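Letter by letter, the chains look like this.
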Amino acid sequence: MSTQVTEKPLATRLLRVIKMNLSNPWPTLITPWLILAVLLTTAFFFELWLTSIGATGVFFEPEQFLIIYLLVIANQVFLNQFPLALSYGVTRRDFYLGTVLSLTFVAFASTVGITLVSILRGANDLTDLLNAAGANFSALLASELLAVTLTALYFRFRNIGMVTFFVTTGTLMAGSPFVVTYLDLWDELERFAFSSSWEFARTVIGWSVIALMLLIGYGLIRRANPQLR
Amino acid sequence: MSKIIEVSNLSKNFGSLKALDKVSFAIEQDGIYGLVGRNGAGKTTLLEILTSQTIASEGEVTILGQHPFENSYVMSNIAFIKEAQRYPDNILPKVKDVLGAAALIFENWDQGFADQLLADFRLDLKRKVRKLSKGQTAALGVVIGLASRAPVTIFDEPYSGMDPVARQLFYDRLLADYAENPRTIIFSTHLVDEAADLLEHIIVLESGRVILDAATEDLRGQAAVIEGPMAKVMGAIEKLEVLELQEVGSFGRAFVNQISQSQSSKFVSEGLNVQPISLQQLIISKTKQNSNLEMESAK
Amino acid sequence: MEDANRPIFLQLGERLENEIISGQLAEDSAIPSINELAAFYRINPATALKAVNLLVENGILYKKRGIGMFVAVGARKQLIEMHQKTFAGEFIDPLLAEGKKIGLSVVEIIQMIEKRSN
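These numbers were taken from a predicted model, which means no experiment stands behind them. (Residues numbered from 1 in each chain as written. Chains lettered and ligands numbered in written order. Predicted model: local features only at pLDDT ≥ 70, side-chain atom pairs only at ≥ 80, totals over all residues. Heavy atoms only, no water.)

Trainee: Outline the pairing of strand 9 (residues 209-215) of chain B, supporting the account with residue identities and numerical values.
Mentor: Residue and element names in this part refer to chain B. Inspection of the sheet shows strand 8 (residues 201-206) paired to strand 9 by 6 bridges, in the antiparallel sense. Among the inter-strand pairings, I202 is bridged to a residue of strand 9, identified as A214. Hairpin geometry of strand 8 and strand 9 is characterised by an intervening segment of 2 residues between the two adjacent antiparallel strands and by a positive phi of about 45° at S207. (Pairing = 2+ DSSP bridges. Helix = DSSP H or I, 4+ residues; strand = E, 2+ residues; numbered from the N terminus.)

Trainee: Go over the interface of chain B and chain A, please, and point to the residues and values.
Mentor: The partner chain A presents 38 residues to the 43 residues of chain B that form the contact. Counting across the interface, chain B meets chain A through 4 salt bridges. Residues E70(B) and R222(A) are paired through a salt bridge, measuring 3.1 Å at the closest nitrogen-oxygen approach. One can count 21 residue pairs in polar contact (both at pLDDT 80 or more) joining chain B with chain A. Secondary-structure elements contributing two or more residues to the side of chain B that touches chain A are helix 2 (72-75), strand 5 (78-81) and helix 3 (95-105) of chain B. With 6 residues, helix 3 of chain B is the largest single contributor of residues to the side of chain B that touches chain A. Residues that form the side of chain B that touches chain A fall into these classes: 22 nonpolar, 11 polar and 10 charged. (Contact = heavy atoms within 4.5 Å. Salt bridge = Lys/Arg side-chain N within 4 Å of Asp/Glu carboxyl O. Polar contact = N/O pair within 3.5 Å; in protein donor to acceptor, adjacent residues only side chain to side chain. Nonpolar A, V, L, I, M, F, W, Y, C, P; charged D, E, K, R; others polar.)

Trainee: A description of a nonpolar patch on the surface should follow, citing residues and the corresponding values.
Mentor: Residue and element names in this part refer to chain C. Taken together, the side chains of F87, F91, I92, L96, V106 and I110 present a nonpolar region at the surface, about 520 Å² in accessible area. Of all elements in the fold, only helix 4 (75-101) and helix 5 (106-117) reach the threshold of two or more residues within the nonpolar patch. Sorting elements by how many residues they give to the nonpolar patch places helix 4 first, with 4 residues. Secondary-structure assignment places F87 in helix 4. Taking relative accessible area as the criterion, F87 reaches 43% and is therefore assigned partly exposed. (Patch = residues over 30% accessible without salt bridge, like charges linked within 9 Å, V, L, I, M, F, W, Y side chains within 5 Å. Areas by Shrake-Rupley, 256 points an atom, 1.4 Å probe, with all protein chains shown as cover. Buried < 20%, exposed > 50% of the residue type's maximum accessible area, 1.4 Å probe, protein only.)

Trainee: I'd like a description of the interface of chain B and chain C, backed by residues and values.
Mentor: Listed as interface residues are 17 residues of chain B and, on the opposing side, 17 residues of chain C. Both sides of the chain B and chain C interface together cover about 1,500 Å² of buried area, and 49% of this is carbon and sulfur. Its largest share of buried area at the contact with chain C, chain B owes to D197(B), E217(B) and R220(B), together 41% of the area lost on that side. Across the chain B-chain C interface, the total number found is 1 salt bridge. In this structure, D172(B) and R42(C) form a salt bridge, with 2.5 Å as the shortest nitrogen-oxygen distance. Applying the counting rule to chain B against chain C returns 7 residue pairs in polar contact (both at pLDDT 80 or more). Classifying every residue of the side of chain B that touches chain C gives 8 nonpolar, 3 polar and 6 charged. (Buried area = accessible area lost by both parts, 1.4 Å probe.)

Trainee: Describe the sheet that holds strand 10 (residues 224-229) of chain B, and please don't skip the residues or the numbers.
Mentor: All names here are of chain B. Judged by pairing direction, the sheet is antiparallel, and its 4 strands sit side by side in the order 11-12-10-13 without closing on themselves. Lying at the two open borders of the sheet, with one neighbouring strand each, are strand 11 (242-248) and strand 13 (273-276). Taking each pair of neighbouring strands and ignoring which way they run, the sheet shows an average axis angle of 15°. Sheet topology places strand 10 next to strand 12 (residues 251-256); 6 bridges connect them, and they run antiparallel. In the strand pairing of strand 12, V225 is matched with F255. Sitting on the sheet, helix 11 (residues 279-298) is in contact with strand 11 and strand 12, with an inclination near 90° to strand 11. (Axes fitted to C-alpha atoms, helices over the stretch in contact; angles between N-to-C directions.)

Trainee: Please give an account of the packing of helix 2 (residues 26-52) of chain A against helix 4 (residues 92-120) of chain A that cites residues and values.
Mentor: Residues and elements named next belong to chain A. Remark: helix 2 packs on helix 4, axes separated minimally by 11 Å, with the N-to-C direction vectors making an angle of 25°. Between helix 2 and helix 4, the angle falls in the class roughly parallel. Where helix 2 crosses over helix 4, the handedness of that crossing is right-handed. In this structure, helix 2 contributes T28, L29, W33 and L40 to the contact, and helix 4 contributes F105, V106, A109, S110, G113, I114 and V117. For the contact of helix 2 with helix 4, the class distribution of residues is 8 nonpolar, 3 polar and no charged. (Parallel < 35°, antiparallel > 145°, perpendicular 65-115°, else oblique. Left-handed = near helix turned anticlockwise from the far one by under 90°.)

Trainee: Which residues make up the packing of helix 3 (residues 62-87) of chain A against helix 5 (residues 126-183) of chain A, and what are the values?
Mentor: Residue and element names in this part refer to chain A. As a packed pair, helix 3 and helix 5 sit with axes 8 Å apart at the nearest point and diverge in direction by 35°. You can see that helix 3 and helix 5 cross each other, and the crossing is right-handed. Residues E63, L66, I67, L70, L71, A74, N75, F78, L79, F82 and P83 of helix 3 lie in contact with helix 5, whose contacting residues are N136, A139, L140, S143, E144, L146, A147, V148, T151, A152, Y154 and F155. Considering only residue class, the contact of helix 3 with helix 5 consists of 17 nonpolar, 4 polar and 2 charged.

Trainee: Please give an account of the side chain of S11(B) that cites residues and values.
Mentor: All names here are of chain B. Looking at where S11 falls in the secondary structure, it is placed in strand 1 (residues 3-14). One polar contact links the side chain of S11 to the main-chain amide nitrogen of K22, over a distance of 3.0 Å. Other than its neighbours up to four places away in sequence, S11 contacts L20, D21, K22, A56, S57 and E58.

Shown next as structure tokens:
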């Protein structure tokens, strides 16, 4: 018979999924920077003009664009590749882990790009650069994982999942100010937001949310049906 | 020969609809199997469960002796080519991207064979998958399925949209490559007679149940149609399993499941017309018989 | 294969027999491989193998290990004898039955045959 295939180690399998996702680097790694090149050039001349009339400040930051772009592209990668990968005989677990790693790589590469732009614009304080890079990396990754988790939710529960999510999130967002007002916590919140502990708390909360999304997405995809009809 | 796939009491419910109802069968290693049935008979659902795309409601599947679900050993031995497979338009836009991904994943991938098949089906590597016609998209699936050389290769209606020339090409390439590299190939189809010579074994699904599971060669020449005056036909079929009975005036026609050579000559000498029926006709008659039985049991 | 209703291995077997009788496949010469037969007739290789094995069992073909299948010496004579034996049942009986149905006597049929074969 045709040679029966033996199981390859996890690392090999994940690497294959990563290669599959990034084998065409255009949508994830090249196209966004072509768009950014145009946006940044425009911003550069706009800032020159601002300076000439006496105003100061940076008008446009690349991460503002990339956070949205990578949210969309992470959804595209997951939505499109999941059915194909499974029909090629990849397990859900391997696809999920491989795709998260692919997206982590994209977030990392994008962070490097953003840092290079900052350096070109004259930033030279290493500590500031590193702090900004850390914040950007986690923001980009969180954005991608939000898309991954939502796409996993879609594959698992389809439209019902989507509706439930958006209704719940909408209610929470609309309801939380009332809760804060009701509990009379505005002063506390303001004090906290301007304290030094906020910087630290933000990092902890950010990474906790990332870890939580990663776990939820994994839980959802394990029994999801890849068919797109 | 050993059993590569075993299915026992498999059921799948979508709400109150039973897409599969206690399906059991086994598939031997190395063979070309046909899964036949009408639209909605449960073919796609069954193939999706075998490839662990969908989860069964009840029952069990083992492939290579293990449960396939989330089993990377089993899954790396499977290729599943769906009817109307959607390809990732913007992530892997071109034919060469989709094939590149297949080459990465499938262990037994044969690039030379893939290139030859692409030329046979006149598929251009640089073409955008989105721009392919329905038949060309089907051909791309066929190329991937064949060149994967996966030990278990499953095609769900591989050639919907393919013209007769392309289908013939598919059969020819499948046979030639199967002869060189035997493996287990399962495909679902409506076109029984067209594919019959290729198939070693046929499994017929109807309303989520297996109504026929037999070697193709055993089915040939077994079933027959008996025609003649209704009274004589009725006499002849007394001890035979009748699949379908038709009547026009005093003239009758009976499709019977199995008839021996001696019975056949006896009927002919009595003045009846006895003809063997094609596989397609046998399956149609079986399917009708099954739905008649179902209607009766529902009463 | 041409007849959708009879087992393919029998049909393939008959084809090979006819080729041996007509001399197209000479005695002691190799026949096409199973894979070649399967590809040429567009049939499953298992079916082709079944046809060939049947001929091997009947002593029409023999296997040379590692080389392939060959036509046995004396196969042509054996086949002709076999076909002569079955000739009456396969061809004369239906002829007589049809003749009887339309009222032709055996003598009349013989006369017709003689006339035809001149």
